[in-house]
Amino acid sequence: MSRLDFTPYRRSTVGFDRLFDLLENQARGNSGDNYPPFNIAKRGEDNYRITLAIAGFRPQDIDITAQANLLVVQGKKREDSDDDAELLHVGIANRGFERRFELADYVRVDNADLADGLLVIDLVREVPEAMKPKKIAVNGGPTLSAVPDSDKDSDDRTADAA
């Protein structure tokens, strides 16, 4: 049973079309090709890291493209002759690949580095100031301001007020 049907949920929800599309596309696109293997790690509140094992690829063989909510990593196969030697066994994969990662809103690629056969891509989520939660004043109070992210910000404001 590889087909997901979200029709009943689509009928009873509003504004979740993108979520259902992502789930259906992920199920459809998961064809079983697990090359190259990868890890995804959360390194902080708004920092993530994708690590792909791509032994044998050089930086010029890799193409990383970040679009709106999509990160595409492609490796191009190269014809590499090793002194015209006859290979008796080929165990190191030298095939092209394409990996797609759906990104949340406001996530951008911060850095990419290839070392020791591992491609490391750092991601950062930067929510615009206009999208952050705001305190709502009751009965026409002072101008609204963004809710601070940490206790440190409120300590700084208290010290400034004194």
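Here, the structure is the one placed above.
Along every chain, residues carry numbers that run from 1 in the direction the sequence is written. Predicted model: local features are reported for residues with pLDDT of at least 70 only, side-chain atom pairs are reported and counted for 80 or more only, and whole-chain, interface and lining totals are derived from all residues. Each side-chain value is worked out from all heavy atoms of the structure, with water and hydrogens disregarded.

Novice: Give a detailed account of the sheet that holds strand β5 (residues 97–102), specifying residues and quantitative values.
Specialist: Across the sheet, 3 strands lie side by side as β3-β4-β5; this open sheet has antiparallel pairing. Both outer strands of the open sheet, β3 (62–67) and β5, are each paired with one neighbouring strand and no more. The average undirected angle you get between the axes of adjacent strands in this sheet is 10 degrees. Strands are labelled as partners when DSSP assigns at least two bridges between them. Strands here are runs of E lasting at least two residues and helices are runs of H or I lasting at least four, both read from the DSSP assignment and numbered beginning at the N terminus. Sheet topology places β3 next to strand β4 (residues 70–75); 6 bridges connect them, and they run antiparallel. When the sheet's bridge partners are listed, isoleucine 62 is paired in β4 with glycine 75. To obtain an axis, a line is fitted to C-alpha atoms, over the contacting stretch when the element is a helix, and the angle between two such axes runs from 0 to 180 degrees between their N-to-C directions.

Novice: Give me the nonpolar core: which residues, what numbers.
Specialist: By nonpolar core we mean a set of buried residues, namely Ala, Val, Leu, Ile, Met, Phe, Trp, Tyr and Cys, connected to one another through side-chain atoms within 4.5 Å. Here's how the labels work: a residue is buried when its accessible area is under 20% of the maximum for its type, exposed when over 50%, partly exposed in between, all with a 1.4 Å probe on protein chains only. Judged by nonpolar contacts, the single largest core of 15 residues is most densely connected at Leu71, Val73 and Ile121. Counting residues per element, the ones that place at least two in this core are β2 (47–53), β4, β5 and β7 (118–125). Leucine 71 has contacts with Ile50, Ile64, Thr65, Ala66, Arg99, Arg100, Phe101, Leu103, Val109, Ile121 and Leu123, leaving out every residue within four places of it along the chain. In what follows, residue pairs with any heavy atoms lying within 4.5 Å of each other are defined as contacts.

Novice: So what about a nonpolar patch on the surface? Which residues, and what values?
Specialist: A contiguous nonpolar patch, built from Phe16, Leu19 and Leu23 and spanning about 260 Å² of accessible area, is present on the exposed surface. Owing to a relative accessible area of 42%, leucine 19 belongs among the partly exposed residues under this scheme. The patches reported here contain residues having more than 30% relative accessible area and no salt bridge. Joining distances are 9 Å for like charges and 5 Å for nonpolar side chains (Val, Leu, Ile, Met, Phe, Trp, Tyr). Per-residue accessibility takes into account occlusion by the displayed protein chains alone, with areas from the Shrake-Rupley method and a 1.4 Å probe. Here, a salt bridge means any side-chain nitrogen of Lys or Arg that lies within 4 Å of a carboxyl oxygen of Asp or Glu.

Novice: Provide a residue-level description of the pairing of strand β6 (residues 107–115), including the pertinent values.
Specialist: Relative to β7, β6 runs antiparallel, the two being bridged by 8 bridges. Bridge pairing in β7 places alanine 115 opposite leucine 118. Following β6, the chain reverses through 2 residues before pairing antiparallel with β7; aspartate 116 in that reversal takes a positive phi of roughly 55 degrees.

Novice: Can you tell me about unusual backbone geometry, naming the residues and giving the values?
Specialist: Going from tyrosine 35 to proline 36, the amide bond is cis rather than trans, its omega being -10 degrees. Note on placement: proline 36 falls in the loop between α2 (17–29) and β1 (38–42). Phi angles above zero are rare outside glycine, and asparagine 69 is one such case at about 65 degrees. Relative to the assigned elements, asparagine 69 resides in the loop between β3 and β4. Under the relative-accessibility criterion, asparagine 69 is labelled buried at 18%. Of note, the phi angle at aspartate 116 is positive, near 55 degrees, even though the residue is not glycine. In this fold, aspartate 116 is placed in the loop between β6 and β7.

By themselves, these observations are geometric and do not establish any function.
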